[in-house]
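Listed below are the residues making up each chain.
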Amino acid sequence: MKNRLGILVLFVVFSLISVYYLVRTWKVNDIRKEASAYATGKDGKLDASKKQRYLDSLWKQDVFLGSTLEELSKQELGLGLDLQGGMHVILEVSPTEIIKTLAKGSRDPRVAIAVDAAKKAAVTSSTNFVDLFVTEYRKLAKDTKLASIFSNTSNRDVLNLNSSDAEVIRYVKAEVHGAFDRSYKVIQTRVDKFGVANPNLSKIPGTNRIQVELPGIDNPERVRKLLSGAAKLEFCEVYSLQEINPSMEALSALLNKIDLESKIKSAENKIAAKDTSKSSLASALKTKTDSTGTDSLANANSLANIFVASPTGGLAVRSKDTSRLNDVLKRPDAQGIFPSNLTFMYDVSPVENPVTKEEVVPVYAVKDHGNAPIEGDVITNAKQDYDPMTGKPDVTMQMNALGARKWKTMTGANVGNSIAIILDNYVYSAPNVNQEISGGSSSISGGFSVEQAQDLANVLKAGKLPAPTNIIEEATVGASVGAKAVSAGVLSSLLGLVAVLIFVMVYYSKAGWIANAALLVNLILLLGVMASFGATMTLPGIAGLVLSVGMSVDANVLIYERIKEELTSGKSFITAVGDGFKNAMPSIIDSNVTNLITAVILMIFGTGLVKGFATTLLIGIFTSLFCAVFVSRLLFDYNIKKGKTINFKTAWTEKLFKDSNIDFIKKRKIFYIISAAIILAGAVSIGIRGFGLGVDFKGGRTFVVKFEKTVNTEEVRTVVEGVFPGSNAEVKTYGGFDQVMVTSAFKIDNTEPEVEKQISADLNKAVASVNGNKGKVMSFSKVGATIANDTIWSSLKAILYALILTFIYIYIRFRSVAFGFGAVVALFHDVLVILGIFSILNGILPFSLDIDQAFVGAVLTLMGYSMSDTVVIFDRIREYLREKGSSKEPIETTINNALNSTLSRTAVTGVATLLVLLILLIFGGETIRGFIFAMFIGVIVGTYSSLFIAAPIVVDAMQRRLESDGESMKAVPSVDIKK
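Residues numbered from 1 in each chain as written. Predicted model: local features only at pLDDT ≥ 70, side-chain atom pairs only at ≥ 80, totals over all residues. Heavy atoms only, no water.

For the rest of this paragraph, the subject is the overall build of the protein. Helices and strands together make up the secondary structure of the protein, namely 30 helices and 24 strands. The buried share of the protein, reckoned over its 979 residues, is 53%. Across the protein, contacts joining residues at least 24 apart in sequence account for 74% of those joining residues at least 6 apart. Counting every atom, the protein has about 44100 Å² of accessible surface; 57% of that belongs to carbon and sulfur. (Helix = DSSP H or I, 4+ residues; strand = E, 2+ residues; numbered from the N terminus. Buried < 20%, exposed > 50% of the residue type's maximum accessible area, 1.4 Å probe, protein only. Contact = heavy atoms within 4.5 Å. Areas by Shrake-Rupley, 256 points an atom, 1.4 Å probe, with all protein chains shown as cover.)

Encoded structure:
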């Protein structure tokens, strides 16, 4: 092998980096365990705020090889919500209120009618909402210009009555997009301040939706109110330090008292514990840190330790001490120290202290918060501009007449003082007032960057353009459910891995040990790369991990079977190894490219758990290719250098598949009939019984309810019908006879948080006693009608794109329509058979066979597997056709020989993959059972179609072309087969 040293160095570096990131993951999890131990009382209860203070104290500290806890948390292999419990929410920023507000000056009643019509159309359409509104409005007012609706004094610098409809549409879309960005900023601030470890917040590309994942959440009602509440913009006066100086001194005295009492209590506890190293209360009082080495409330509550000078002037508090300050201010003996209308509020953006390099948060003593003199509804416009005197970025703001009068009074009374601009209880800016401002037009400057000025302008416009956020998808997973999923995932992973290692070792003897070593290295590299990307491990991700290991056997099998062929032809061991690796490369590349197409499509169109599976699969493709081609070769070369010969056979595998001579082509019509019969039976079942559609395809709410003992689904259906009046309730056994899944579309379009709370409470009450069998809701999910429709379309597009890209790749690779046609027909065959089987067996098997996005993910994955299998066979067919190009051997014989020569590879890869899937099906947990079942059946069907459908279709396609050209099929054609 060329460049052996370079590849060895690359392997060592790659491995060390992977191990480094896995150790970082271990370290951050170890710190979290320490935090939990520190915050757990003698009664076993966890104090969440105390745990958060512990983590905050280390957030900016060096905890591992120069990395802070914050940096470690950003690059760790985290657990998904299905493994640790928590809440997943998708919010949709409603454009309806924005359009109504923009058209507020218009008295045209057709605007409201068009908005309502567009809202209804949006449920089943993926068209931009603004375009839907324009379409609906033009139906009502064909000759009315849009400028007459949206042009007003607040936007006269952008629009006027002569503006074209195209200009107006661009303006409205820009405002709607700006409102989406503002909502994202607001939600981001809320989530960041919520106190959840490692929250995940992201915009869903191409939509006005925001995805939020909050691990460990056990109060869904609070989250719903937090995320869907309207943003409140306020302008409040700020106390100067001189005004509150006496109060600050009183607070300082209180803090010193608290500090002393805490030290005494700590010392008494040590004496009570008979601490031999401390013999008196006085000596115990000298200790200033607890056993963890971390500052605690008992020794860090002096005024100097809580408040620090802000780099921008005024007061500030260290980021890690904000929760400590909150706890102190809530104490009964702290009440009354400050004026009753004073509220301490934090700046939304922490800053770095230039001296200590610590992260600090400016603190403002705000007057009359909650009863602000001016609120955001008086803002008519705000934008980022430039100061005409200095040329630096600033923000210009306009208010309506009422706001202008109030603003004049407020600024006149606060010349020389600050006014805080507050959004969602956080201060975004607190500019000083230089003079009384009349007319309602103001300029705010403060050394802003362009980005900061734009952010402030967006905050001010949040008052002008309200952008309500509706929860259109939601899922809550209990911590106990997550713990059970972790156990299932770990068990299935270990068993699947061990099963594959044993199978490979038994089948390939000593060569199996080399393959197994490469598989284990692949596992480490895969996990390390995922950790370096900050990927999240979900239960489907674990399935993808184990499946990647199983499927990575394929590359080793391709190489080993080639080496065995070279040895059989009489070549020396060294030559056979070199030629085996070389000749296997085209098939390895082709099979991995087809899997790559699938993984990329899953990444683009998948969401949630499917995306977690796709991430693992995508990374696994590259790591398994690297290990099979390079790591295995390094191990072979090492043995060759030592003069060792490696055996590829055992006693029972030596003659397996040897001299196999199955006539696949001659009996192709029989297999066509078998496939047609299965597809026809599936079509009849689909026509009569239909599918069990998952909630993400039809919309609705799904609850998983666990009972104390075995329960009858009809009994559950009877008691829950009252919870969903006027709507059907579907009840299915789920993961055992003591657990059911309840699904209903009751009030699915109502997005009020109170509705979710009421439904959950009613259901819990209903299932609490089913014939003395107490039930409890373990997890919950909700999908709105709009997102369900989008999911259907995205799933159909994903499958269509997979078919198109597969055909294009096969055509480019083989330069033959026959091969492309055979591949696509085989894929269609696989999809139709799987759909039919799911319809036929739905309700018969003891687990869910719903058609949902996870099922689509499984279908796409098996399409990739089937295509990988097919392309390996096509590669061998192409090779045989090229070698027999000048012979008189019939094409059926040539292709049969090619199929038989790949039979051992097809069987070994199929058995290894099915072995993994079978273990995942048994031990992997209910969440992914339907997904894994689809994969299990898909691998069988995909292997079958590669041998009995795809290759025979190629023969038939070639025959039709040659017959149209007046040629005979008896001789092997020498055309259309290019390298």
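So, about the packing of helix α19 (residues 573-605) against helix α27 (residues 853-883). The interhelical angle for the contact between α19 and α27, taken along N-to-C directions, is 160°, at an axis separation of 8 Å. The pairing of α19 with α27 is recorded here as roughly antiparallel in orientation. In the crossing of α19 with α27, the sense of the turn from one axis to the other is right-handed. Its residues placed into classes, the contact of α19 with α27 shows ten nonpolar, ten polar and three charged. (Axes fitted to C-alpha atoms, helices over the stretch in contact; angles between N-to-C directions. Parallel < 35°, antiparallel > 145°, perpendicular 65-115°, else oblique. Left-handed = near helix turned anticlockwise from the far one by under 90°. Nonpolar A, V, L, I, M, F, W, Y, C, P; charged D, E, K, R; others polar.)

For the structure on display, the rule yields 28 aromatic pairs. Look at F703 and F724: their rings are 6.4 Å apart centre to centre, the planes differ by 35°, and that puts the pair in the tilted class. Here F703 is found in strand β21 (residues 700-707), whereas its partner F724 is found in the loop between α23 (713-720) and β22 (729-733), with 21 residues between them in sequence. One cation-aromatic arrangement involves K203 over Y184; the distance from NZ or CZ to the ring centre is 4.9 Å. The ring of F581 is capped by R633, whose NZ or CZ atom sits 5.1 Å from the centre of that ring. (Phe/Tyr/Trp six-rings, centres within 6.5 Å; stacked < 30°, edge-to-face > 60°. Lys NZ or Arg CZ within 6 Å of the ring centre and 35° of its normal.)

Turning next to the pairing of strand β17 (residues 426-429). Of the strand pairs in this sheet, strand β16 (residues 419-423) and β17 are connected by three bridges, and their pairing is antiparallel. Among the inter-strand pairings, I421 is bridged to a residue of β17, identified as S429. Hairpin connection from β16 to β17: two residues lie between these consecutive antiparallel strands, with D424 at a positive phi of about 55°. (Pairing = 2+ DSSP bridges.)

Here we come to the sheet that holds strand β18 (residues 441-444). An order of β14-β15-β18 is seen for the three strands of this open sheet, with the pairing classed as antiparallel. The open sheet is flanked by β14 (379-386) and β18, the only strands paired with a single partner. Strand-to-strand twist of the sheet, defined as the mean angle between neighbouring strand axes without regard to direction, takes the value 20°. Here β14 runs beside strand β15 (residues 393-399); their pairing, made up of seven bridges, is antiparallel.

Right, let's talk about the pattern of salt bridges for a bit. Inspection of every chain in the model, using the stated rule, returns 28 salt bridges. Across the salt bridge formed by E237 and K367, the nearest N and O atoms sit 3.6 Å from each other. With E237 in strand β7 (residues 233-237) and K367 in strand β12 (residues 359-367), this residue pair connects regions lying 130 residues apart in the sequence. Among the residues examined, K367 registers a relative accessible area of 15% and is labelled buried. Close ionic contact of K367 with E243 constitutes a salt bridge, the shortest N to O distance being 4.0 Å. Of this pair, K367 sits in strand β12 while E243 sits in the loop between β7 and α11 (245-272), and the two are 124 residues apart along the sequence. Among the charged side chains, a salt-bridge network with shared partners connects R562, E565, R876 and E879. (Salt bridge = Lys/Arg side-chain N within 4 Å of Asp/Glu carboxyl O.)

Among the structural elements, K27 can be located in helix α1 (residues 4-39). Apart from residues no more than four positions distant in its own chain, K27 is found in contact with V63, F64 and L72.

Turning our attention to the packing of α27 against helix α28 (residues 891-901). Packed helices, taken two at a time, are described by the angle between their axes plus the distance between the axes. Direction vectors running N to C along α27 and α28 enclose 135°, while the axes themselves pass 9 Å from each other. Here α27 lies oblique to α28, going by the angle between them. Once α27 is placed against α28, the crossing between them reads as right-handed. Only I891, T894, I895, N897, A898, L899 and S901 of α28 make contact with α27, whose side of the interface consists of I873, R876, I877, Y880 and L881. Of the residues that constitute the contact of α27 with α28, the class distribution is eight nonpolar, three polar and one charged.

Another aspect to go through is unusual backbone geometry. Residue L65 is not a glycine yet carries a positive backbone phi of 50°. Here D368, not a glycine, exhibits a phi torsion of approximately 55°, which is positive. Following the sequence through the fold, D368 ends up in the loop between β12 and β13 (374-375). Judged by its relative accessible area of 31%, D368 falls in the partly exposed class.

With that settled, consider the sheet that holds β17. The four strands are arranged β13-β7-β16-β17 in an open sheet whose pairing can be described as antiparallel. The open sheet has two free edges, formed respectively by β13 and β17, since each of these has just one partner strand. In this sheet, β13 lies alongside β7 in antiparallel orientation, the contact comprising two bridges. Residue pairing in the sheet places E234 in a bridge with E375 of β13.

Residues L800, Y801, I804, L805, F807, I808, Y811, I812, V817 and F821 make up a contiguous nonpolar surface patch of roughly 890 Å² in combined accessible area. At the level of elements, α25 (785-814) and α26 (817-841) are the ones that each hand at least two residues to the nonpolar patch. In terms of residue count, α25 provides more of the nonpolar patch than any other element does, eight residues in total. As for its placement among the helices and strands, I804 is situated in helix α25. The class for I804 is partly exposed, based on a relative accessible area of 41%. (Patch = residues over 30% accessible without salt bridge, like charges linked within 9 Å, V, L, I, M, F, W, Y side chains within 5 Å.)

Moving on to the environment of V490. In this structure, V490 sits in helix α17 (residues 479-532). Linking V490 and L539, residues 49 residues apart in sequence, is a C-alpha distance of 9.4 Å.

Turning next to the environment of R717. Here R717 lies in helix α23. Along the backbone, R717 and K732 are 15 residues apart, and their C-alpha atoms lie at a distance of 9.2 Å. Beyond its immediate chain neighbours, meaning those up to four positions away, R717 contacts A729 and V731. Within polar-contact distance, the side chain of R717 engages the side chain of E714 at 2.4 Å. (Polar contact = N/O pair within 3.5 Å; in protein donor to acceptor, adjacent residues only side chain to side chain.)

Let's shift gears to the nonpolar core. One finds Y560, F636, L860, M863, I877 and L899 to be the most contacted residues of the largest nonpolar core, which totals 123 residues. Ignoring sequence-local partners within four residues, the contact set of L860 consists of T598, I601, L602, A798, I799 and A802. Among the nonpolar cores identified, the runner-up in size contains 50 residues, and V328, M410, A457 and L460 belong to it. (Core = buried A, V, L, I, M, F, W, Y, C linked by side-chain atoms within 4.5 Å.)

Together, K510, K641, K642 and K644 give the surface a local cluster of positive charge. Mapped onto the elements, K510 comes out in helix α17. Residue classification places K510 among the partly exposed residues on the basis of a relative accessible area of 33%. (Lys, Arg positive; Asp, Glu negative; His and termini not counted. Charge placed at Lys NZ, Arg CZ, Asp CG, Glu CD.)

Across the protein, the average pLDDT comes to 81, with 89% of residues at 70 or higher. Counting contacts from residues 276-301, a segment whose pLDDT is below 50, to residues more than four positions away or on other chains yields 45 contacts. The model gives residues 968-979 a pLDDT under 50, and that stretch makes 41 contacts with residues more than four places away or in other chains. (pLDDT = per-residue confidence, 0-100.)

Look at helix α6 (residues 110-122): 18 Å from first C-alpha to last across 13 residues, which is about the 18 Å you get at 1.5 Å a residue. All of the buried residues along α6 are V111, A114, V115, A118 and A122. Angular distribution of buried residues about the axis of α6 spans 100°; they occupy a single face of the element. (Expected span 1.5 Å × (residues − 1). Arc of directions from axis to C-beta.)

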